[in-house]
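Structural overview
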Amino acid sequence: MGLGGVLLGKMFGLPVVFTLHSNRDRWLLEGLRHKPLRKRILEWLLSRGDKVLVVSKYSFDKLACRKPLFCDKLMVVYNPVRMGDWMLGVRGEKVLSLGRLARHKRVGVVIEAVRILLSRGRGIFLDVVGEGEDEVSLRRLVEELRLQDRVRFWGRVDEETKQSLMGEAGVYVLTSTEENFSCYLIEALSFGVPVVSTPVGVAPEVVNDKTGVIVPFNDPGAVANALEYILEHPEKFPPEECRKMAERFSYDRVREMLERVYVEVIHRRGKCVDLLG
C-alpha cells in the first residue's frame, strides 16, 4: 500500500502522508536490525513522503533519534480514542489490566504486585482482560502464588463488558516494555480512572500527579507502591482531571489535528493521499 501510494503520488503530483499507528511498526522504530532489505525499502518510502505522522512523542523521539533523515517530516498526531460513558460506580480495590497477553506487556509484574499488596493486608482484586501467547504462563504464575481467588482472567470480552469493567476499576495498570500509544490507557482515563504505567507510548504525556503514577520497568514493588498510593488517596486523583486529560484524544480533537496536516500539504501541492500504516 505504501509503495503504491508513493508511485501514485509521483505519477499525479500528489503529496503523500504516512501514519505509523501501532506496535506493528515497532520493527521500524527499532531500526530493522535483522531485516536490511525491508529497512531500505521503508527508508526509501518514508523519505518520499511529505509528512510522517506518529501517534505519540515517545514514538517521535524514537524515530527522530534513529532516523534523523526524517526529522523535518515527523509530526505527532494521536490515535483517536472513544470516550467512556462516564460511569462512576463503586470502585473499591479493583485493578484492571487490559490488552493482549504478550510477553512485552509484562502482566506478570502486575500479578507479582498483587501478591505484595495482599501480604500487606490489602483486599485487592485484579481483572486481566485479553488473550495471547503469554496466557498459559500467567495462569501458571497465579496458581503458583495461590492467587486464584484474587486474579480473574476474562479472555476477550465484548464492548459492554469492557466498559463495565472500566467503570468499576479503581486503577488501570500498564506494565509494557514497549508501546507506541496505548488506547486502553486513554480510555480508562476517560472513565475517570487513574492509571499506573511504565514510561511507554503516550503515558509520559498524560500521567501526572492528578491522573496517575509512572513506574519503572519490571519492578513489582514499585507497581505495588503506586497502586497502594492511588487506592489510599483517591482524592488526589479526581475523576474530572482524568477525564479532562483523555479528552485531548477524542475523535473531534484528532480530526482537527489531521485537518491541519492536510491543509498544510494541500496548500503546497493541492491534493493529499493518506496512507494509514
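Below you will find a few notes about this structure. (Residues numbered from 1 in each chain as written. Predicted model: local features only at pLDDT ≥ 70, side-chain atom pairs only at ≥ 80, totals over all residues. Heavy atoms only, no water.)

**So, the pairing of strand E6 (residues 151–155)**
As a general feature of sheets, a regular strand has side chains that alternate between the two faces. Short version of the rule: Here's how the labels work: a residue is buried when its accessible area is under 20% of the maximum for its type, exposed when over 50%, partly exposed in between, all with a 1.4 Å probe on protein chains only. We count a stretch as a helix when DSSP gives it H or I for four or more residues in a row; a strand needs E for two or more, and each element gets its number in order from the N terminus. Pairing between strands requires that DSSP locate at least two bridges from one strand to the other. Looking down the strands as they point away from the viewer, one classifies a crossover as right-handed if the path from the first strand across the helix to the second runs clockwise.
Residues of E6 alternate between two faces, with Val151, Phe153 and Gly155 buried on one and Arg152 and Trp154 left unburied on the opposite face. Two strands pair when backbone bridges link them, and strand E5 (residues 125–129) and E6 are joined in this way by 4 bridges, in the parallel orientation. Looking across to E6, one finds that Val129 is bridged to Gly155. In terms of handedness, the path from E5 via helix H6 (residues 135–144) over to E6 forms a crossover that is right-handed.

**Considering helix H11 (residues 239–246)**
Residue pairs three or four apart in sequence face the same way in an α-helix, which turns once every 3.6 residues. Where we set the bar: As used here, the arc is the angular range of directions from the helix axis to the C-beta atoms.
Among all positions in H11, only Cys242, Arg243, Met245 and Ala246 are buried. The buried residues of H11 all sit within an arc of 160 degrees when viewed along its axis, so they share a single face. Pointing more than 90 degrees away from the buried face of H11 are the exposed residues Glu240 and Lys244.

**Looking at empty space enclosed by the protein**
What counts, and what does not: Cavities and pockets are found on a 1 Å grid laid over the protein atoms alone: a cavity is a set of points where a 1.4 Å probe fits but cannot escape, a pocket is an open set with protein on both sides within 12 Å along at least five of seven lines, and a lining residue has an atom within 4 Å of such a point. Grid points are joined across faces, edges and corners, and a volume is the space filled by probe spheres set on the points. Here the nonpolar group is Ala, Val, Leu, Ile, Met, Phe, Trp, Tyr, Cys and Pro; Asp, Glu, Lys and Arg are the charged ones; every other residue, Gly included, is treated as polar.
Under the defined criterion, the tally for this structure stands at 2 cavities of 30 Å³ or more. Put simply, the largest cavity is a space of about 80 Å³. At the level of elements, strand E4 (94–98), helix H5 (107–119) and strand E7 (171–174) are the ones that each hand at least two residues to the lining of the largest cavity. Ranked by the residues each element gives to the lining of the largest cavity, the list is headed by E7, at 3 residues. When grouped by side-chain class, the residues that make up the lining of the largest cavity number 7 nonpolar, 3 polar and 2 charged.

**Regarding the packing of helix H7 (residues 159–168) against helix H8 (residues 183–190)**
How we decide: Helix axes are fitted to C-alpha atoms over the stretch in contact, other axes to C-alpha atoms as well, and angles between N-to-C directions run from 0 to 180 degrees. Any angle that is under 35 degrees is reported as roughly parallel, and any over 145 degrees as roughly antiparallel; angles of 65 to 115 degrees are reported as roughly perpendicular and all others as oblique. Should the near helix be turned counterclockwise from the far one by less than a right angle, the crossing is left-handed, whereas a clockwise turn marks it as right-handed. Note on definitions: a residue-residue contact is assigned when non-hydrogen atoms from the two residues lie within 4.5 Å.
Interhelical geometry of H7 versus H8 gives an angle of 60 degrees and a closest axis separation of 10 Å. As far as their axial angle goes, H8 and H7 are oblique. Judged by the sense of rotation from one axis to the other, the crossing of H7 with H8 is right-handed. Residues Glu159, Lys162 and Met166 of H7 form the contact with H8, whose participating residues are Tyr184, Glu187 and Ala188. In the contact of H7 with H8, the residues fall into 3 nonpolar, no polar and 3 charged.

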